[in-house]
2 protein chains.
Amino acid sequence: MRKTKWAVIGAGNGGQAIAGHLGLLGYEVNIYDAFEETIDAIQKQGGIHIGGIEEGFGKIKIASTDIGAVICDADIIMVVNPSIYHRAIAEKCAPYLKDDQIVFLHPGATFGAFAFKKALEDCGYMKNITIAESNTLIYACRSVEPGRADILGKKDRLLVSSLPATNNKYVCKLLKEIYEEIEEAENVLVTSIDSTNPIVHCAPTLLSTSWIESDKDWYFYHDGISQTIGSFIEGMDAERVAIGRKLGLEDDKNLFTCVKQYELEYNVKRDTLSEAVRNNEAYDGIKGPKSLNTRYLFEDIPMGLIPLISVGKQLGMKTERMEIIVKLAELMLEKDLHENARTVENLGIEGMAAESIIEFATNGMK
Amino acid sequence: MRKTKWAVIGAGNGGQAIAGHLGLLGYEVNIYDAFEETIDAIQKQGGIHIGGIEEGFGKIKIASTDIGAVICDADIIMVVNPSIYHRAIAEKCAPYLKDDQIVFLHPGATFGAFAFKKALEDCGYMKNITIAESNTLIYACRSVEPGRADILGKKDRLLVSSLPATNNKYVCKLLKEIYEEIEEAENVLVTSIDSTNPIVHCAPTLLSTSWIESDKDWYFYHDGISQTIGSFIEGMDAERVAIGRKLGLEDDKNLFTCVKQYELEYNVKRDTLSEAVRNNEAYDGIKGPKSLNTRYLFEDIPMGLIPLISVGKQLGMKTERMEIIVKLAELMLEKDLHENARTVENLGIEGMAAESIIEFATNGMK
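What you see is a predicted model, and the numbers here were worked out from it, not measured in a lab.

Here is what the cut-offs are and how they apply
Residues numbered from 1 in each chain as written. Chains lettered and ligands numbered in written order. Predicted model: local features only at pLDDT ≥ 70, side-chain atom pairs only at ≥ 80, totals over all residues. Heavy atoms only, no water. Helix = DSSP H or I, 4+ residues; strand = E, 2+ residues; numbered from the N terminus. Rg over C-alpha atoms; globule rule 2.2 N^0.38 Å. Buried < 20%, exposed > 50% of the residue type's maximum accessible area, 1.4 Å probe, protein only. Contact = heavy atoms within 4.5 Å. Lys, Arg positive; Asp, Glu negative; His and termini not counted. Charge placed at Lys NZ, Arg CZ, Asp CG, Glu CD. Buried area = accessible area lost by both parts, 1.4 Å probe. Salt bridge = Lys/Arg side-chain N within 4 Å of Asp/Glu carboxyl O. Polar contact = N/O pair within 3.5 Å; in protein donor to acceptor, adjacent residues only side chain to side chain. Nonpolar A, V, L, I, M, F, W, Y, C, P; charged D, E, K, R; others polar. Least-squares fit on C-alpha atoms with pLDDT ≥ 70 in both. Pairing = 2+ DSSP bridges. Right-handed = clockwise from strand over helix to strand, strands pointing away. Domains from an automatic or database assignment. Axes fitted to C-alpha atoms, helices over the stretch in contact; angles between N-to-C directions. Parallel < 35°, antiparallel > 145°, perpendicular 65-115°, else oblique. Left-handed = near helix turned anticlockwise from the far one by under 90°. UniProt positions renumbered as here; feature names shortened; annotations may be inferred. Core = buried A, V, L, I, M, F, W, Y, C linked by side-chain atoms within 4.5 Å. Disulfide = S-S within 2.5 Å. Phe/Tyr/Trp six-rings, centres within 6.5 Å; stacked < 30°, edge-to-face > 60°.

Attention now moves to the overall build of chain A. For chain A, the helix and strand inventory stands at 16 helices and 12 strands. Against the globule reference of 21 Å for 366 residues, chain A gives a C-alpha radius of gyration of 20 Å, in line with a compact fold. For chain A, the C-alpha atoms occupy an extent of roughly 55 × 50 × 40 Å along the three principal directions. Across the 366 residues in chain A, those meeting the buried criterion constitute 59%. Within chain A, contacts between residues at least 6 apart in sequence are counted, and of these 72% link residues at least 24 apart. Taking the average place of the 39 positive charges on the side chains of chain A and the average place of its 54 negative ones, the gap between the two points comes to 2 Å.

Moving on, we get to the side chain of A:T228. Mapping A:T228 onto the fold places it in helix 10 (residues 227–246). The class for A:T228 is buried, based on a relative accessible area of 15%. In this structure, A:T228 is in contact with B:T209, B:E213, B:L292 and B:M332, ignoring residues within four places of it in sequence.

A separate point is the interface of chain A and chain B. Taken residue by residue, the interface counts 26 residues in chain A and 26 residues in chain B. Both sides together, the interface formed by chain A and chain B hides about 2,400 Å², and carbon and sulfur atoms give 66% of it. Ranking the residues of chain A by area buried against chain B places A:S210, A:W211 and A:L331 at the top, with a combined share of 25%. Our count for the chain A to chain B interface comes out at four salt bridges. Counting the contacts that link chain A with chain B gives 14 residue pairs in polar contact (both at pLDDT 80 or more). No other element matches helix 15 (residues 320–333) of chain A, which puts seven residues into the side of chain A that touches chain B. Residue classes in the side of chain A that touches chain B are distributed as 10 nonpolar, nine polar and seven charged.

Below, the discussion takes up the relation of the copies chain A and chain B. When chain A is fitted to chain B, the residual RMSD is 0.1 Å, and the transformation amounts to a turn of 180° plus an axial shift of 0.0 Å. Between the two chains, the operation in question is that of a two-fold axis. Of the C-alpha atoms belonging to chain A, the one lying closest to the rotation axis is found on A:L207, 2.1 Å away. The residues that chain A uses at the interface reappear at the interface of chain B in 100% of cases, marking a shared surface.

Residues and elements named next belong to chain A. Buried residues dominate strand 11 (residues 158–163), accounting for six of its six residues. Along strand 11, one buried face is formed by L158, V160 and S162 and the opposite face, lined by L159, S161 and L163, is buried too. Bridging between strand 8 (residues 130–134) and strand 11 involves four bridges; their strand directions are antiparallel. Paired with E133 across the two strands is S161, which belongs to strand 11. Viewed along the sheet, the connection from strand 11 through helix 6 (residues 168–176) into strand 12 (residues 182–184) turns out right-handed.

Here we take up the domain arrangement of chain A. Residues and elements named next belong to chain A. Domain parsing of chain A yields domain 1 (5–188) and domain 2 (197–335). Computed over C-alpha atoms, the centres of domain 1 and domain 2 are 26 Å apart. Across the boundary between the two partners, domain 1 contributes eight residues, which contact 15 residues of domain 2. The junction of domain 1 with domain 2 conceals about 890 Å² of combined surface from both sides, 55% of it contributed by carbon and sulfur atoms. Looking only at domain 1, the three residues that lose the most surface to domain 2 are I84, T110 and F111, adding up to 46% of its buried area. At the surface where domain 1 touches domain 2, the tally comes to one salt bridge.

Turning to the sheet that holds strand 4 (residues 56–59) of chain B, a few remarks are in order. All names here are of chain B. Taken together, four strands build an open sheet; the order of strands is 4-3-10-9 and the sheet is mixed. Each edge of the sheet is formed by a strand with only one pairing partner; in this case those strands are strand 4 and strand 9 (139–145). Here the average twist between neighbouring strands, direction ignored, is 30°. Both strand 9 and strand 10 (residues 148–154) contribute to a ladder of six bridges, which runs antiparallel. Within strand 10, the position partnered with C141 by the bridge is I151.

A few words now on the packing of helix 15 of chain A against helix 15 (residues 320–333) of chain B. Viewed as axis vectors pointing N to C, helix 15 of chain A and helix 15 of chain B meet at an angle of 140°, and their least axial separation amounts to 10 Å. Put simply, helix 15 of chain A runs oblique to helix 15 of chain B. As helix 15 of chain A packs across helix 15 of chain B, the resulting crossing turns out to be left-handed. Contacts between helix 15 of chain A and helix 15 of chain B involve A:E320, A:R321, A:I324, A:K327, A:L328 and A:L331 on the former and, on the latter, B:E320, B:R321, B:I324, B:K327, B:L328 and B:L331. Of the residues in the contact of helix 15 of chain A with helix 15 of chain B, the class split is six nonpolar, no polar and six charged.

This next bit is on the UniProt feature "domain: Glycerol-3-phosphate dehydrogenase NAD-dependent N-terminal" (unreviewed entry) in chain A. Taking the UniProt record as the reference, the feature "domain: Glycerol-3-phosphate dehydrogenase NAD-dependent N-terminal" (unreviewed entry) is found at residues 7–103 of chain A. For residues 7–103 of chain A, the end-to-end C-alpha separation is 9 Å, with 36% helix and 27% strand making up the annotated structure.

On to the UniProt feature "domain: Opine dehydrogenase" (unreviewed entry) in chain A. Cross-referencing UniProt, the feature "domain: Opine dehydrogenase" (unreviewed entry) maps to residues 185–332 of chain A in the present numbering. Each end of residues 185–332 of chain A is marked by a C-alpha atom, and these two atoms are 37 Å apart; helix forms 58% of the span and strand 0%.

Let us look at the nonpolar core. Generally speaking, a soluble globular protein has its nonpolar side chains buried in company with each other. A:F114, A:L247, B:F114 and B:L247 are the most contacted members of the largest nonpolar core, which totals 182 residues. The contact partners of A:L247, leaving out residues within four places of it in the chain, are A:F111, A:L189, A:I193, A:V311, A:L315, A:A354, A:I357 and A:I358.

All names here are of chain A. Tracing the backbone through its elements, the reader meets K61 in the loop between strand 4 (56–59) and strand 5 (63–64). Relative accessible area serves as the criterion here: at 48%, K61 is assigned to the partly exposed category. Taking the C-alpha atoms as reference points, K61 and Q43, separated by 18 residues in sequence, lie 8.4 Å from one another. Those residues in contact with K61 that lie beyond four places of it in its chain are E28, V29 and N30.

The subject of this paragraph is the sheet that holds strand 12 (residues 182–184) of chain B. Residues and elements named next belong to chain B. Strand order across the open sheet formed by eight strands is 5-2-1-6-7-8-11-12, with mixed pairing between neighbours. Across the chains shown, the open sheet's two edge strands, defined by having one partner strand only, are strand 5 (63–64) and strand 12. Pairing analysis gives four bridges linking strand 7 (residues 102–105) to strand 8 (residues 130–134), with the strands arranged parallel. The residue bridging L105 from the neighbouring strand is E133, located in strand 8.

Throughout the structure, instances matching the rule amount to zero disulfides over all chains. The cysteine A:C202 is free of any disulfide, with A:C258 supplying the nearest cysteine sulfur at 11 Å.

Glancing now at the packing of aromatic side chains. All names here are of chain B. The full count for this structure, using the stated rule, is 25 aromatic pairs over all chains. Here the aromatic rings of Y262 and Y283 are separated by 5.6 Å at their centres, their planes lie at 85°, and the arrangement is edge-to-face. Taken as a pair, Y262 in helix 11 (residues 258–266) and Y283 in the loop between helix 12 (273–278) and helix 13 (295–298) lie far apart in primary sequence, 21 residues in all. Taken as a pair, Y262 and Y283 share a single burial class, namely buried.

A word on the pattern of salt bridges. Residues and elements named next belong to chain A. In this structure the tally under the stated criterion is 48 salt bridges over all chains. Residue E184 is joined to K169 by a salt bridge in which the shortest nitrogen-to-oxygen separation is 3.1 Å. Taken together, the residues E184 in strand 12 and K169 in helix 6 connect sequence positions 15 residues apart. Under the relative-accessibility criterion, E184 is labelled partly exposed at 37%. Bridged by salt links that share partners, the residues R87, E91, K118 and D122 form one connected network.

Okay, here's the thing in C-alpha cells:
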C-alpha cells in the first residue's frame, strides 16, 4: 500500500508539530500558512525540527503560502487552524480540491465539519470529498521559533468522525496509522458536542475581568473556576448536554458532563467542577490571560457558544446561561461576536429537526 | 418654637450615629430596632456614646423593639435601614402613624419615597403624612459595639426632597436644623436618580467573582473598576442618565454622570470612570467583599437596578446593560432577585407616563 500524502494547513504551534512529526515518520507532507516568515523558515530548512516527546527533523516537501500547491496532491488535508479561520480556509481550498480527498479538521470545534461543508457548497463546490473532524488537538505543543516545535504531551483519546459517518471506518483507518489514540465516534455530532472549551473558558474569563486587567498573575483553573463560577459553568454544561441528548447522544456513552470528562481524562473524581479542576495537577500553573483580547472569548464564543445556542434554539432547548455569557461579552468588548459566528444558517442545517440533523450527520443526506 | 421630637428606625451603624448625635444636640429621640441585643445595650446605658468628629454621650429617651412606642410622639421618623427593609418598616409603622408626621428615608435609595407611600396605601393608610428621602447617608460611620458609634466623616452635600415636593420647604427647614449640608432637590426623582450605588457596585462585584472567592484581598474601586469594567459601568450609567432626562431632570443641573459626580464630590476630574476612581484618594484602601453574599448585589439589585429597569421600560427606555447584570446575578446566585424588588407596581406608578410621574412627585396627585 502506498503511503498517504498529507497537507497541513496552518503553521502555528499545532500545525508545525503535526507536519514535523509526519515528516519524521517518513510521510510526504506539505504545509501551508498565510504567514510568510514561518513558511520561509521551513522552506529554507527543508523541514521542521521536533523536540519533546518526539525528537528529530521532519522533512517537508512543500512549505508555501500558495494553498493550491500545498493541497493539490494530498490524500489528507489536515486543517490545524483556529476554528475562526475554517470558513476562509474552505473558500481558499475549494478551487483546488479533488474527488476523494479527505479534509480533517483537527480539531473541528463545534460543528466544524458542517461549517466546512456548507462553506464549500456556498462556493459552488460539488466534488466527492469527505470532511472529518476531531473533538480536540492530539498534542500539547508549542513552537518556540519558526521551523521548530516541541511536542510536550499527547492526549489519551482522540474522537474522530467524518461527515457522513458512513466514511468513518475508512477515514479512521488512515488517521490511525499516525494517531493510534483515535476512537471512531458515531458521527460528527459526538465530536462537536464533546468540545467543551466554550463551556469552560468563557465564564471564568469574563468573571475574572478585574483580575485580568490588574498587574497581578492569576491561574485560569485554580482561581478562575471558583465555587460560584464552577456552579454557573455546570449550569452551562447542562444546557450543552441537553442539546447533545436531543441530537441522539447518550449519557455516559458518547455524552459526558465536564465533571465526568475530568474523571475520564485526568482520573480526577470530584462532585463539582470547581473541586475537579482544583484537584487536577495537569492544570497546575496554567495562568489566565492578561487581556480580554483572548481566544477564550474571540474563538470560543463565535465558534462554540453561538452555534450551540443557534442549534439549541432551533431544537427548542433552553440556553439562557450560554446566551447571557455571549451578550455580556458583546457588551463588555463592545463588539458584535455574531458577525462571523457559526449558526444554523452557515452550518447548513437551518430549519432541520433533530432527526434530520442526525440523518445528515450519518448519511450526508438532507 | 418647641424642639422637634425624633424617632430613629434602625440601630445599625447609621442609626446609632444619627440617634446619638441627635441626643447630643439635646433633642428628644427614640430608637427602634428588631435586634434586641443592641436595643437592650442602649436602653441600659440610657443613650449612645459618640466618637470621631463628634464626641460625647447622646441621651436616648426610648430604645425599644416596639415600633409603636418609638414613633407615636415623634415629629420626624427617620428611617436609617437598608432599603430592602423599607416596605416592612412601612407596614410596621402604618398602624401608629399620625397626621402631620414626617417620615424621612435616610437614604431613600432608588424611588424609596414612592415605595414607602405605596406600602402605606396597601395597608389602607390614608393619613396626611409627608414622606421625604435623601440621596445618600450624611455620615461615614460605624458602630464598634452596641451603644457606641463613631462618626468618621460627613458628606458636603445631602440632597433631600419630600413627596409631594410642595412640602419641601417645610421639611428641609426642619432637617436643616440638624444637617446644614442639606440641599433641597426639585422632587424625589432627583434624589432617587442621583443614587448611583447600584450603577457602581453591581458590575465590579460580579466581574470580580474569582477574586472574591479566592483567599486574596482585592480593592473594590482600584481593582474592581478596571478599564473594561469602567467602560461597561459608564454604559449602565448612560442608561440611568437617560431615564433621569426622560423624567424631567437636566444634565449638569440636577442630573450628573458618575464621572461628573466624582468631580463634584471629590474634585477628581478624569475622562473615564476607571481613571476617576483610581485617582480618588477617598477610595484608597476600600477592600472588596469576600463573598457574593453582599449588599452590593442583594440590596443594590432589587432596590436599585430593578426599579430603574422597571421604570425605564415603562418609559420606553433602553436598559440592556442593567438587565444583563441583573440576569447574570440571578443565575450566578441561583436566586430570584425580583421577588421583593421595587417595580412600577409596588412604587405605585404602574402605567404612568413620564409627565404623570413628574406630576405625582411634585404634587402627590395621580
